[in-house]
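Summary of the model geometry
Each chain, written out:
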Amino acid sequence: MTPRSSKKPTAKTKHPKTVDDYLAAAPKDKRAALVKLRKTIKAAAPKATEIISYGMVGYKQRAKRVAYFAYWKGHIALYGTSGTFIKAHAAELKPYVQSKGTIQFPANKPLPYPLVTKIVKNRVAEIEKAG
């Protein structure tokens, strides 16, 4: 039987409690892009509540998810994108890796903030239409 480690988790393994904590823990080379992404989403969804969920930054409006984002080694991911939006904007999204409701933006290229605005505003409109 292997003895249990008595080491405390490092700062990297702790989940952030606030969005500011999340951004502060981000690598310096991604931090400015993440701060601008946060501002972009907040501007596109001003009524949304900002949260930390699943170790990511998230936004909810009327208790429904608007968007989430997270940084990874090689990309910054935007989660919660509507499948309808992805289908309708396939040509515009073609340069990015996608999976169900997720778009990956390469970390070594500028983020497409106008596209993020369009995605978030579309999601807010879906939420408002659903009531």
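Residue numbers restart at each chain and count upward from 1, following the sequence in its written direction. Per-residue local features of the predicted model are confined to residues with pLDDT of at least 70, and side-chain atom pairs are confined, for both listing and counting, to 80 or more; whole-chain, interface and lining totals are unaffected and use all residues. With hydrogens and water set aside, each side-chain value is computed from the structure's full complement of heavy atoms.

**A closer look at the environment of E128**
Threshold: Under the DSSP-based scheme used, a helix requires at least four consecutive residues in state H or I and a strand at least two consecutive residues in state E, with every element numbered from the N terminus. For this analysis, residues touch if any pair of their heavy atoms sits within 4.5 Å. Definition of a polar contact: a pair of N or O atoms within 3.5 Å, with one able to donate and the other able to accept a hydrogen when the atoms are protein atoms, and with sequence-neighbouring residues admitted only if both atoms are side-chain atoms.
Tracing the sequence through the fold places E128 in helix 5 (residues 113-130). Between the alpha carbons of E128 and R62 there is a distance of 8.5 Å; along the sequence they are 66 residues apart. Those residues within four positions of E128 in sequence are excluded, and the remaining contacts are Q61 and R62. Within polar-contact distance, the side chain of E128 engages the side chain of R62 at 3.1 Å.

**Some points on unusual backbone geometry**
Let me state the cut-off plainly: Burial classes: relative accessible area under 20% of the type maximum marks a residue as buried, over 50% as exposed, and values in between as partly exposed (1.4 Å probe, protein chains only).
The residue R62 is not glycine, and still its phi comes out positive at about 55°. Mapping R62 onto the fold places it in the loop between strand 2 (56-61) and strand 3 (64-71). With a phi angle near 65°, A63 is a residue other than glycine that sits in the positive phi range. Its location among the elements puts A63 in the loop between strand 2 and strand 3. Overall, A63 belongs to the exposed group, its relative accessible area being 68%.

**Things to note about the nonpolar core**
Within soluble globular proteins, side chains that are nonpolar tend to cluster in buried spots. What counts is decided by this rule: In this description, a nonpolar core means a group of buried Ala, Val, Leu, Ile, Met, Phe, Trp, Tyr and Cys residues linked to one another through side-chain atoms lying within 4.5 Å.
Counting residues in hydrophobic clusters, the biggest one holds 36 residues, and the most contacted among them are L37, I41, V66, F69, L78, F105 and V120. If you list the elements that add at least two residues to this core, you get helix 1 (19-25), helix 2 (28-44), strand 2, strand 3, strand 4 (75-79), helix 3 (83-88), strand 6 (102-106) and helix 5. Among the elements that make up this core, the one with the highest residue count is helix 5 (seven residues). Ignoring sequence-local partners within four residues, the contact set of F69 consists of Y22, L23, L34, L37, R38, I41, M56, V57, Y59, A77, L78 and Y79.

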